[in-house]
Amino acid sequence: MPVGTPLGGYAARAGRSTGVLDELEVSVVTLGRLAWVVADLPYVNTDLAEAVRRAVLRVAPGRDVWVSATHTHSGPDTSCPDAPSRTPARWLAEVPEAAAAAARSAVAGERDVELGVRRLRLSGVGGQRSGVRPRRTVPVEVLTFGPPGGEPSGVLVVLPVHPTVLGADNLLAGPDLSGAVRRALSGRLGGAWVVVATGAAGDVSTRPHRRAQTPEECARLGALVAESVLRCLREPARSTVPEEAAVHVTEVRVPLRPKPPGGPAAGELEERLRAAEEGGDQVAIRTAWTALQAARLAAGQPPPADLSCAVSVARLGPLSLVALGAEPYLDLAARLDRAAGGPAVLLGYTNGYLGYLPVRAAYRRPEYEVLRSPVAPGSAEHVLAQATELVRKEHH
């Protein structure tokens, strides 16, 4: 990515890229009929998802194509200034080309493997950044691919943490935490490929645990994730040989908030910020500042005319993958797990980008994610219910 490229993810960023800290990647994992593209981008608009789909189908015909963003805030800005739901022409050309090359390589390397499914509880890296009693640990899914009983030839980590160790002052392009995890885990696994996708990270970040917003801190947290994954790999997995994936993709309409948030709450949020600054708690200061920033941004933005969320479901034997074109809250992953009737993995930032998808209870507090979300309370629950219904149909 050349110097001078606009970077996405932070409204407060001043300046364009001055170089590359870590190379951005586009990866493709093929699972039966499913070709799953994971790109180091802030998000994927529907026009970009469709362009990538067409490019991948040219080299891997007959596949169902998903396109996910890792949600790095140090990647290229994939929105147009005059139309945020449109992707700049440059990325509509370059990202599909990279995805097609990765798909060609993935198809050439296809072989029958055993799929291992594991889950770990990750401490010291990510936690909920809002809520009355925010959790300081997160569940991580680890999928392994390889010969039965042998060492994995590939590992896919679904990490429900915003890859935002680096702040708005960073002007070096890179995948942030996702790349740090890939690099640390690849170094410890030898020749196995590693892909890191972002799960239900809407209200989860490294804010409760990070000690700084530097490349060194990013590497430290990435190593912590890698060490946890390696410990998890020593435990028995729930394994199955992937069948022909049953895939379903749809759009779920969601209601718009009745009026833009922000204006009346701005004074209260300014008081909250002042109180946090007096207390000196850096996490509280950051939380209060982002909420005030969200209120100001929302007050100046016109509401969208229509809203829908991309919902994608794939069944691989007993395992269900559910992907949403939004930033789902962590609680939605736990609800999906209970309702799916089998092992289920919730992904975000896939096949479109609606914005934050907060659970209903979150609307009781004026937090950044809620103030920035365009959807009405109950939308997340409605989307999850539709996704769960698709999962149940696939299981029957």
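Residues numbered from 1 in each chain as written. Predicted model: local features only at pLDDT ≥ 70, side-chain atom pairs only at ≥ 80, totals over all residues. Heavy atoms only, no water.

**Quick word on the overall build of the protein**
The condition that has to hold: Helix and strand definitions here come from DSSP, where helices need a minimum of 4 consecutive H or I residues and strands a minimum of 2 consecutive E residues; each element is numbered from the N-terminal end. Exposure is judged per residue with a 1.4 Å probe applied to protein chains only, and the accessible area is read against the type maximum: over 50% gives exposed, under 20% gives buried, and values in between give partly exposed. Calculation of accessible area relied on Shrake-Rupley with a 1.4 Å probe; when residues are assessed, cover is drawn exclusively from the protein chains displayed.
Looking only at helices and strands, one finds 9 helices and 18 strands in the protein. Dimensions of the protein along its principal axes, counting C-alpha atoms only, are 60 × 40 × 40 Å. Across the 396 residues of the protein, 56% fall into the buried class. A total accessible area of about 16,500 Å² is found for the protein, and carbon and sulfur atoms account for 51% of it.

**As for the sheet that holds strand β4 (residues 64–69)**
Heads up, the condition is: Here, any two strands with at least 2 DSSP bridges between them count as paired. Fitting a line to C-alpha atoms yields each axis, with helices limited to the stretch in contact; the angle taken between N-to-C directions then spans 0 to 180 degrees. Contacts are residue-level and defined by heavy atoms, with any inter-residue pair within 4.5 Å sufficient.
Pairing is mixed across the open sheet formed by 3 strands, whose spatial order is β2-β3-β4. Since the sheet does not close on itself, it has two edges, and those belong to β2 (26–31) and β4, each with one partner. Looking at each pair of strands side by side, their axes are set apart by 20° on average, direction ignored. Here strand β3 (residues 34–39) runs beside β4; their pairing, made up of 6 bridges, is parallel. The residue bridging W36 from the neighbouring strand is W66, located in β4. Each of β2 and β3 is contacted by helix α2 (residues 89–108), which is oriented at about 40° to β2, the strand it contacts most.

**Brief notes about the pairing of strand β5 (residues 114–123)**
Put simply, side chains in a regular strand alternate between the two faces of the sheet. Sheet topology places β5 next to strand β7 (residues 137–146); 10 bridges connect them, and they run antiparallel. Bridging across to β7, S123 finds its partner in T137. Relative to strand β12 (residues 238–240), β5 runs antiparallel, the two sharing 3 bridges. Bridged to G116 within β12 is S239.

**Looking at the environment of H162**
Inclusion rule: In protein, a polar contact means a hydrogen-donor-capable atom and an acceptor-capable atom, both N or O and within 3.5 Å, with residues adjacent in sequence counting only if both atoms are side-chain atoms; elsewhere, any N or O pair within 3.5 Å suffices.
Considering the arrangement of structural elements, one finds H162 in the loop between β8 (154–159) and β9 (172–173). Owing to a relative accessible area of 1%, H162 belongs among the buried residues under this scheme. Separated by 44 residues in sequence, H162 and T206 place their C-alpha atoms 7.0 Å apart. Sequence-distant contacts of H162, defined by excluding residues within four places in its chain, comprise H71, H73, R129, L177, A201, G202, V204, S205, T206, E327, Y349 and Y356. At 3.2 Å, the side chain of H162 forms a polar contact with the side chain of H71. At a separation of 3.2 Å, a polar atom in the side chain of H162 contacts the side chain of E327.

**Focus: helix α3 (residues 177–189)**
Heads up, the rule is: What a helix should span is 1.5 Å times the count of its residues minus one.
Taking 1.5 Å of rise per residue, the 13 residues of α3 would be expected to cover 18 Å, and the 18 Å separating its terminal C-alpha atoms lies within 8% of that figure. Where α3 is concerned, the buried positions are L177, S178, G179, A180, V181, R182, A184 and L185. Residues of α3 that are buried in the fold lie against β8, β10 (193–198) and α4 (215–233). Immediately beyond the C-terminal end of α3, within one or two residues, lies G190, with a positive phi of roughly 75°.

**Regarding the packing of aromatic side chains**
Quick note on the threshold: For Phe, Tyr and Trp, rings pair up if their centres lie within 6.5 Å, where Trp contributes its six-membered ring, and each pair is then called stacked (planes under 30 degrees apart), edge-to-face (over 60) or tilted (otherwise).
Applying the stated criterion across every chain yields a total of 4 aromatic pairs. Consider the rings of W36 and W66, whose centres lie 6.4 Å apart with planes at 70°: the pair is edge-to-face. Highlighted residues: W36 in strand β3 and W66 in strand β4, separated in sequence by 30 residues.

**Here's the deal with unusual backbone geometry**
For D176, which is not glycine, the phi dihedral falls at a positive 60°. Even without a glycine there, the phi angle at N351 is positive, about 65°. Mapped onto the elements of the fold, N351 is located in the loop between β17 (344–347) and β18 (356–357). The class for N351 is buried, based on a relative accessible area of 5%.

**Overview of the pattern of salt bridges**
How we decide: By definition, a salt bridge exists where a carboxyl oxygen of Asp or Glu is found within 4 Å of a side-chain nitrogen of Lys or Arg.
If you walk through the whole model with that rule in mind, you get 15 salt bridges. R53 is the partner of E50 in a salt bridge, and the nearest nitrogen-oxygen pair spans 2.8 Å. Of the two residues, E50 and R53 both sit in helix α1 (residues 46–59), 3 residues apart, roughly one turn of that helix. Here E50 falls in the partly exposed class, since its relative accessible area comes to 33%. The shortest N-O distance in the salt bridge between R129 and E369 comes to 2.5 Å. Of this pair, R129 sits in the loop between β6 (127–128) and β7 while E369 sits in helix α8 (residues 368–372), placing them 240 residues apart in sequence. Each of the two residues, R129 as well as E369, counts as buried. In the salt-bridge network here, residues are joined through shared partners; they are E25, D40 and R182.

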